[in-house]
Amino acid sequence: MFSLGSGGAKSPKPSFVSYVTPEEIKPEGEGHLQERSPEFLPGEVVFCSAKHILKCSQDEDSECSVFGTLFCTNFRVSFVSDAIPPEDTVQPFKNKLYGENDIPLSCVDQIYGDYDEKKKLITSSQMMNKYPSKIIIYCKDLRVFQFSLLHAKDETAKKIFQGIIRHILEPKSLKCVFAFSYGETTVSVPDVQRKQTTVMFDTAADWLDEMKRTKGGCKLVKDNEDFGISEKLPQFFFVPTHVENEDLVKYQGKGIPIWCWSHHTGCALFKMASLPVVQEESNAKVQKAYMERMLNAVAQNHLYSVKTEDLSETLPNIQDIQQSYSKFKQNFLIDSMAEFWVSDVKWFSTLETSRWLSIIRQCLHKAVEVVESLEQENTNIVLIEKGGSDLCCVISSLVQLMLDPYYRTLIGFQSLVQKEWVEGGHNFPERGNLLHQSDKESPVFLLFLECVWQLLQQHSPGFQFSETYLTVLSDSINVAVFSTFLFSTPCQKASIMKTEPDRGALNIPPVWEWSLQFDCKAQGFFINLLYRAKSKQEKALRKAQRPKYTRQLSLPSTPPPKKGFFKEETENLKKMLRGKRISRWMQLSDSAQASVREFYAAWQRKPLDYHGLLLPCLDGPAVRLWTQRYLRWIPEVQILGGGDVALMNKMATLVQEVQELCKEVDRQVCQADSCLENPMVFLRSSVHLSSSFPFAANRMWSFRPAIPTSIGDHQMDMGQLAIRDDEDTETTTDVF
Amino acid sequence: MLTGTKSFFRARQSVPDVKDRMLRYGGLDMEGKEPVSLHILPGECILQRATLVRKKLSAREGGGWLSGTLFCTHFRVAFVPKDSPKHDENADPVFLEDHDVALATIEKVVAVGPSRTKLVTANSALKFIPEELLLYCKDFQVFCFLFDRLTPETQVVEITCAIARAYQPLRPRAVLAFQNSAVGSVEMKQFLSNRQRDASMSWFEAPANWEAELKRTGAVGWRVSGINERFEMASSLPRFNVVPKKVLDTELKNTFAHFNDGRIPRWCWHHHSGADLLRMAAFQSDIYHERDDVSRNLEALVFGGHRQCVVVELAEDMPTPADIHLARTRLRALCLGDVSMPVSLPDDKWLSTLEGTRWLDHVRICLRKAVEVSCLLREGHLTVILQEADDRDLNCIVSSLVQVMCDPHCRTVAGFQGLVQKEWVMAGHRFLSRFNYHRCHDKEEAPVFLLFLDCVWQLWAQFPSQFELTADYLLALHDSTHLPLFNTFLSNCELERNRHTKHLPQCYTPVNGWREGLLPPSPHGSLDPPLPPVWDWALQYSPQRRACFTQPGPPTAPHPPALNGKFNTNKSTDRTPGSVFLLSRGTFSCPLQLLPWRGGVGPTPSRKSHRRAPSTEESPPPEHLLRAWTLSEASAPVPHQDPWDPLLPLLLAPCVGLWKECYLRGALQARAFCHPEVTSCHPVERLSQEVRQLGDELDLVSAIKGTRSGGEQVVQ
């Protein structure tokens, strides 16, 4: 709340007062209650349900509370309102799998119970027999639901409460996840369709294509097809050509430099799971020799020097990330608006103390460092981390996004996630706490999306996808339907999909099949209007301009080794130089910092090319809060008829106009005689857009507080000052 | 993280011999043989020049470097790009071209050498050849010039010293010399006195403007009074003020003494719901019992045409000018990064430091006050009076913000300029003291007007499509306040301003008929250069920049609201006094002494009725206001599209932004930061250009087709 307000900043906890007694609603409600149920998905089973549940809104306003029925199924907790929804509501951005009153079970973050005005966190271990008067559910997509059980019958209330607790909070096995029952009952989408879109990297051909695209020269390893080398590695992967085959099997997949991406100069980015720490000296020696061999092999890749980057030393660890995020998200999970106002005074410093933005900055900075080494110094980079599948994924994907415009297209980005995260063995279920079995939860993938969002908002014309796309993707992690986020490793996926041949095809779709969640029109919101694909002309021009890569920076004295000639000398020289190099890179010195800064300044001096290298600015004001994701459900901060959306809307209209005119010009020029075609008829639905569009677009606009004052406590309630929007915002859906 | 290197330097004092050299070179520059020449103002002379200099371009100029020639004159530091188009000799002079900076705006000159950075002052000598020259300006801009190896070294040293000597920071009376150098020449005076005033906006100097404003807003029951025409009643008030019709001038005369500085309640604006907005200073005199008709007149003044009146107290919870000044200073330190500060702020402390400046808090408080007042006004049938101790600072902010929120006219360029004239310039905001141009009002310095501009920017940022004016316009106005050349900002009230400009406009008063200017010309009046108003944008900015002042696709102008005939036909015959409430700290109350004449001692008829009033007023106030607000909530879910509804900004922390284009441009430019969001022009602009282009193309094609088909017909 505003500091200027007089007393009364802390209003007492809202206690629910209903002006409608359950008796009153029963007679009329009974009639149509039976028919009203959510549209169940294939494979969805109802566990329990309870009538006369009251869904309370965040502001202590009884008018917005609704009675309805609460269902708990194997997929979601669903609330169906008794009130018949108005027919004419247009939902431009409706999710087909779950509605605005549905909470997928895996999306639940925390459950609180309201016991005699006291809020208690409910954990599965203390399964209470006494049910609370109110269940408060915090979702991972930052929605907050409050269901009051006061008006339901005793036993149904108890049943639904226990049902929800059991199905949400108790550990379960992977097979119980809804995706399996869903997958058994749906028909698979023809494979052909999938091929045209995202590269899944589950075949050797996909990997070979990628290698060809980046013009790298590494060796494809096929030995892991049945996961003989390691269960954590993908079926197919690339290693430097000089890695001996017998070395691959030594440490169960650890210590192998896995190829990620090749720079156009030939130097490449690798990632590696670090070797286990050993005590015995002899083993340590063996390990050291092994590492030496590996790094040598990497150095043979185009004869560039090697730089290793141990991410666990320089970046916050998994626990730090989790802690920081759980602090950070508390700012947005709000029970009552009064609470939000209280946080208002110290808003910026609270955001800062969570250090989430600072972690984002660190990751981006690390990625810039790696980019600098690749682009400027042409060294091979090996990212090292304990498991090789958390921060390695973050940094390597960020580096590729910054360097390679292909990954900034929608398809390219999806392929990148597929390559680095899904096939790279990021443990999605564990990090997302899907099964409630482990305490290793950490929003690593979300951290990556946050970093991408920072890049996106700084260089929006460079990206084909929009921030809405990123927000939706971050939500989809918590919908347990998609194979993308279901398995910890490719091995697990293969083994589970294989073991059930008799039960018919198990079809668990990847998240990239957006048509499962959104219709075509809504998918239009994924596209960034400002993105301009590179024209062919430009491409040709660039190709001509790009200089033949030179190696002046690395091993300047080394010509490509001629057969037998000077070989030993060069080997020695290389060894010497490499030794120096590696040791130099181990310590991150001030000079390295300075060189990064210089690199950044040099990049800025050049005109910005959205199809070239993009670097983020990391100054204090430049790293921002992802407002769309974090503030979308808080009506108090939604600017109705204003904000960026108003601009976006205007842009959409103009883009549409441009397209129309282009078409018209083409038509006029090409067929100069016929004027039969009518210009397209544009449907314009006049939806009032708020700044959190397309989310929460059709919420009840119960604007209480136009201004954060203490007036709410007094009789003069400024909250009534409904935000009126005097703008004729029109959405033009056709563009999409 | 990726910030520039830390810079240390200490100023060294030594006697330079550069001075002599500079004088030697001074005459040389008048030859003007070089291909690149500066388009100088009449009477302006070039002190020094340096060739083959590169200027770092800011992001909004496209980033990168531009090479050309750097000049230093008496008046400005000018930069002429190498291949800039030849100037039209007959074109009107412009004070500053796109790459120029006025000397009076410069705050610091810093020379960057190969290994050191040094603050250059008038007395310091340079011991090294600078590679870069940084000019830190008061308006948050930073100019950066890079000297190539090709630049003659003597020129480098000399221009640096020339600038350091010429900009003369912080010296009292330096401003006059600066003004003289800019507009002191005979030609310039001639030119300026021949300039036409912008007739499309209201200046509120003549009664006709006020009458037009009354008519435009649909206010009834008010008249323009010329009682203060000789500034005898209140020296800080304008000559014409709007007061209720029923108070005659003779009656009005006695009321001035009851207000601080004679600033009686005056009409500002009329909401189409029927409510009126007034402003006044604090009550002063407490002797009322002697003459009853005075309190009757005071009542009439306060209540206007309504039975109900809300006094909005602005002192209680609002920042004082000193607070504003402090916040601004902190914000400056944060955004510009003081070069003399060795340690730069770590990036992860940015947010809390920003919060610590409290600038955004002040912005929010002002906006919140304005929102409250706007909502009160919407209910109609009452008079809202803004009261501040001296009625010259926060009253200006709040009353003008209310009008920006509620009146679409005030969101156009002309309307906004009229608003500033009405609520700031004419109302006697102490621009001269607050901006402290002369460096002799250090205690009173406070950027109140800049706070207002930031508030308007917040509104603009939340509702960009509701404004005809753009952020570029606000930025231009922001920058112009730092240029002490405009009579708009160089006086504290109209009286002072009239002393500066000799000619007084013809004025009409109902009492005395037509009159000529009344004041004797001040003794030094003829010496002062005639200063232009700030609204003469053609003097300051190139047409390209002025083109950005309005939106490409402005919002459709709403038709004036149908007057719903709600306004009270004054029941002034009713002798019972109206009810009055105080809105302070967001709550209503009815303190007994709110209108001091009512609580006065002595047997007066007004007191008799007053005895009845307080008893009812103890209970919660405006019944109908409460009712109206609950009603509006019930109908809230469907936001309707009345363009006359106020823009109510959201004021929670995440919704209030920092005016980056203004405050961060210097810092970012100094680091050659290519601001990612701002490309050379806004995407919307680019798109609308494209639309225009395609439309033209289409026309062309169809025209060609038309002629071709026409030709074919002829052939056939």
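Since the structure is predicted, the reported quantities are computational estimates derived from the model, not experimental observations.

Analysis parameters
Residues numbered from 1 in each chain as written. Chains lettered and ligands numbered in written order. Predicted model: local features only at pLDDT ≥ 70, side-chain atom pairs only at ≥ 80, totals over all residues. Heavy atoms only, no water. Helix = DSSP H or I, 4+ residues; strand = E, 2+ residues; numbered from the N terminus. Contact = heavy atoms within 4.5 Å. Areas by Shrake-Rupley, 256 points an atom, 1.4 Å probe, with all protein chains shown as cover. Buried < 20%, exposed > 50% of the residue type's maximum accessible area, 1.4 Å probe, protein only. Domains from an automatic or database assignment. Buried area = accessible area lost by both parts, 1.4 Å probe. Salt bridge = Lys/Arg side-chain N within 4 Å of Asp/Glu carboxyl O. Nonpolar A, V, L, I, M, F, W, Y, C, P; charged D, E, K, R; others polar. Axes fitted to C-alpha atoms, helices over the stretch in contact; angles between N-to-C directions. Parallel < 35°, antiparallel > 145°, perpendicular 65-115°, else oblique. Left-handed = near helix turned anticlockwise from the far one by under 90°. Core = buried A, V, L, I, M, F, W, Y, C linked by side-chain atoms within 4.5 Å. Disulfide = S-S within 2.5 Å. Phe/Tyr/Trp six-rings, centres within 6.5 Å; stacked < 30°, edge-to-face > 60°. Lys NZ or Arg CZ within 6 Å of the ring centre and 35° of its normal. Pairing = 2+ DSSP bridges. pLDDT = per-residue confidence, 0-100.

K.L.:
So what's going on with the overall build of chain A? Residues and values would help.
P.N.:
Within chain A, the regular secondary structure consists of 24 helices and 16 strands. Contacts in chain A between residues far apart in sequence, at least 24 positions, make up 74% of those at least 6 positions apart. Put simply, chain A shows about 31,700 Å² of open surface, and 53% of that area lies on carbon and sulfur atoms.

K.L.:
So what's going on with the overall build of chain B? Which residues, and what values?
P.N.:
Helix and strand counts for chain B stand at 22 helices and 18 strands. Here chain B, with 716 residues, has 58% of them falling under the buried criterion. When contacts within chain B are restricted to residue pairs at least 6 apart in sequence, long-range pairs at least 24 apart make up 73% of them. Total accessible area on chain B is roughly 29,500 Å²; 55% of this is exposed by carbon and sulfur atoms.

K.L.:
Explain helix 18 (residues 490-498) of chain A residue by residue, including any values.
P.N.:
When helix 18 of chain A is considered as a whole, its buried residues turn out to be Pro-490, Cys-491, Ala-494 and Ile-496 of chain A. Buried residues along helix 18 of chain A sit against helix 3 (178-185) and helix 14 (410-422) of chain A.

K.L.:
Explain helix 11 (residues 347-354) of chain A residue by residue, including any values.
P.N.:
Most of helix 11 of chain A is tucked away: 6 of the 8 residues are buried. Every buried residue of helix 11 of chain A is accounted for by Trp-347, Phe-348, Ser-349, Leu-351, Glu-352 and Ser-354 of chain A. For helix 11 of chain A, the secondary structure elements touched by its buried residues are helix 9 (318-329), helix 10 (337-344), helix 12 (356-377) and helix 23 (627-631) of chain A together with helix 9 (350-357) and helix 10 (359-378) of chain B. Downstream of helix 11 of chain A by one or two residues, Arg-355 of chain A has phi in the positive range, about 65°.

K.L.:
How would you sum up the domain arrangement of chain A? Please name residues and give values.
P.N.:
Residues and elements named next belong to chain A. Here chain A is partitioned into domain 1 (33-170), domain 2 (191-332 + 357-605) and domain 3 (627-704). Facing 19 residues of domain 1, the contacting portion of domain 2 comprises 25 residues. Both faces combined, the contact of domain 1 with domain 2 buries some 1,800 Å², and carbon together with sulfur accounts for 57% of it. If you look at where domain 1 meets domain 2, you find 1 salt bridge. Listed by contribution, the elements that provide at least two residues to the side of domain 1 that touches domain 2 are strand 5 (108-115) and helix 2 (154-169). When grouped by side-chain class, the residues that make up the side of domain 1 that touches domain 2 number 10 nonpolar, 3 polar and 6 charged.

K.L.:
Give a description of the side chain of Ser-415 of chain A that names residues and reports values.
P.N.:
Structurally, the position occupied by Ser-415 of chain A is in helix 14. Judged by its relative accessible area of 2%, Ser-415 of chain A falls in the buried class.

K.L.:
A description of the packing of helix 13 (residues 391-403) of chain A against helix 16 (residues 444-458) of chain A should follow, citing residues and the corresponding values.
P.N.:
All names here are of chain A. Contact geometry of helix 13 with helix 16 gives a least axis separation of 9 Å together with a crossing angle of 20°. On the basis of their axis angle, the class for helix 13 and helix 16 is roughly parallel. At the point where helix 13 passes helix 16, the crossing takes the right-handed sense. Here Leu-391, Val-394, Ser-397, Leu-398, Leu-401 and Met-402 of helix 13 come into contact with helix 16, specifically with Val-444, Leu-447, Phe-448, Cys-451, Val-452 and Leu-455.

K.L.:
Lay out the nonpolar core with the relevant residues and their values.
P.N.:
Within the largest apolar cluster, 295 residues are counted, with the highest numbers of intra-cluster contacts made by Phe-413 and Phe-448 of chain A together with Phe-416 of chain B. If you tally residues by element for this core, the top one is helix 10 of chain B, at 12 residues. Filtering out sequence-adjacent residues up to four positions away, Phe-413 of chain A remains in contact with Leu-401, Tyr-406, Tyr-407, Phe-448, Leu-449, Val-452, Phe-465, Tyr-469, Leu-470 and Leu-473 of chain A. Counting residues in hydrophobic clusters, the runner-up holds 32 residues, among them Ala-204, Cys-218, Tyr-251 and Met-272 of chain A.

K.L.:
Go over the pattern of salt bridges, please, and point to the residues and values.
P.N.:
Residues and elements named next belong to chain B. Summed over all chains, the structure comprises 43 salt bridges over all chains. Note that Arg-392 and Asp-261 form a salt bridge whose closest N and O atoms lie 3.7 Å from each other. On the criterion of sequence distance, the pair formed by Arg-392 in the loop between strand 14 (383-387) and helix 11 (394-406) and Asp-261 in the loop between helix 6 (249-253) and strand 11 (266-270) is long-range, its members being 131 residues apart. Of the residues examined, Asp-261 reaches a relative accessible area of 36% and is grouped as partly exposed. Beyond isolated ion pairs, a larger network of salt bridges with shared partners links Arg-263, Arg-266, Arg-279, Asp-391 and Glu-423.

K.L.:
Break down the state of the cysteines for me, with residues and values.
P.N.:
All names here are of chain B. For the structure on display, the rule yields 0 disulfides over all chains. Free of any disulfide, Cys-410 has its nearest neighbouring cysteine sulfur in Cys-406, separated by 9.3 Å. With a relative accessible area of 2%, Cys-410 lands in the buried category.

K.L.:
Give me the lowdown on the packing of aromatic side chains, citing residues and values where you can.
P.N.:
Remark: the centre distance and the inter-plane angle together describe each pair of aromatic rings, the angle taken between the planes. For the structure on display, the rule yields 69 aromatic pairs over all chains. Note on Tyr-469 of chain A and Trp-514 of chain A: the rings are 5.6 Å apart at their centroids and 70° apart in plane angle, and the pair reads as edge-to-face. With Tyr-469 of chain A in helix 17 (residues 467-476) and Trp-514 of chain A in the loop between helix 18 and helix 19 (520-523), this pair connects stretches of sequence that are 45 residues apart. Tyr-469 of chain A sits in the buried class, given a relative accessible area of 0%. Looking at Trp-514 of chain A, the relative accessible area reads 4%, which means it is buried. Measuring from ring centre to ring centre gives 5.9 Å for Trp-457 of chain B and Trp-659 of chain B, while their planes differ by 15°; the resulting arrangement is stacked. Here the residue Trp-457 of chain B occupies a position in helix 14 (residues 448-462), and Trp-659 of chain B occupies one in the loop between helix 19 (623-634) and helix 20 (660-663), the gap between them amounting to 202 residues. On the basis of relative accessible area, Trp-659 of chain B is assigned to the buried category, the value being 1%. Sitting above the plane of the Tyr-407 of chain A ring, Arg-213 of chain A keeps its charged end 5.2 Å from the centroid. Over the ring of Phe-140 of chain B we find Arg-332 of chain B; its NZ or CZ atom is 5.4 Å from the centre of that ring.

K.L.:
So what's going on with the pairing of strand 17 (residues 579-584) of chain B? Which residues, and what values?
P.N.:
Residue and element names in this part refer to chain B. For strand 17, the buried fraction is high: 5 of the 6 residues fall into the buried class. Judged from the 5 bridges that link them, strand 13 (residues 308-313) and strand 17 form a sheet pairing that is parallel. Its bridge partner lying in strand 17, Cys-309 is registered against Val-580. Direction of pairing for strand 17 relative to strand 18 (residues 587-589): antiparallel, over a ladder of 3 bridges. Among the inter-strand pairings, Ser-584 is bridged to a residue of strand 18, identified as Thr-587.

K.L.:
Hey, could you go over the confidence of the model for chain A for me, with residue numbers and the actual values?
P.N.:
Residue and element names in this part refer to chain A. Within chain A, residue pLDDT values average 76, and 73% of them lie at 70 or more. Averaged pLDDT values for the elements of chain A fall to 32 in strand 16 (residues 731-732) and rise to 95 in helix 13. Counting interchain partners and residues more than four positions distant, the pLDDT-below-50 stretch residues 544-570 has 27 contacts. In this model residues 673-688 is a low-confidence stretch, pLDDT under 50, and it forms 30 contacts with partners more than four residues away in sequence or in other chains.

K.L.:
Would you mind going over the packing of helix 11 of chain B against helix 14 of chain B in detail, with residue names and values included?
P.N.:
Residues and elements named next belong to chain B. At a minimum axis distance of 10 Å, the contact between helix 11 and helix 14 shows a crossing angle of 20°. Considering their axes alone, helix 11 and helix 14 lie roughly parallel with respect to each other. For helix 11 against helix 14, the interelement crossing comes out right-handed. On the side of helix 11, the interface is formed by Ile-397, Ser-400, Leu-401, Val-404 and Met-405, while helix 14 contributes Val-448, Leu-451, Phe-452, Cys-455, Val-456 and Leu-459.

K.L.:
Go over the confidence of the model for chain B, please, and point to the residues and values.
P.N.:
Residues and elements named next belong to chain B. The pLDDT averaged across chain B works out to 75; a share of 71% of its residues lies at or above 70. Mean pLDDT in chain B bottoms out at helix 18 (residues 605-617), which sits at 37, and peaks at helix 11, which reaches 95. With pLDDT under 50 throughout, residues 626-641 is counted as low confidence; its partners more than four residues away or in other chains account for 38 contacts. Model confidence for the complex: the whole-complex pTM is 0.80, and ipTM, which rates the interface, is 0.76.

K.L.:
Any details on the sheet that holds strand 1 (residues 46-56) of chain B? Residues and values, ideally.
P.N.:
Residues and elements named next belong to chain B. Strand order across the open sheet formed by 8 strands is 4-3-2-1-8-7-5-6, with antiparallel pairing between neighbours. Bordering the open sheet on either side are strand 4 (101-102) and strand 6 (117-119), each of which pairs with just one other strand. Direction of pairing for strand 5 (residues 106-112) relative to strand 6: antiparallel, over a ladder of 3 bridges. Counted as the bridge partner of Val-112 is Thr-117 from strand 6. Contacting strand 1, strand 2 (65-73), strand 3 (76-81), strand 5, strand 7 (132-137) and strand 8 (142-147), helix 2 (residues 153-167) runs over the sheet at an angle of about 110° to strand 1.

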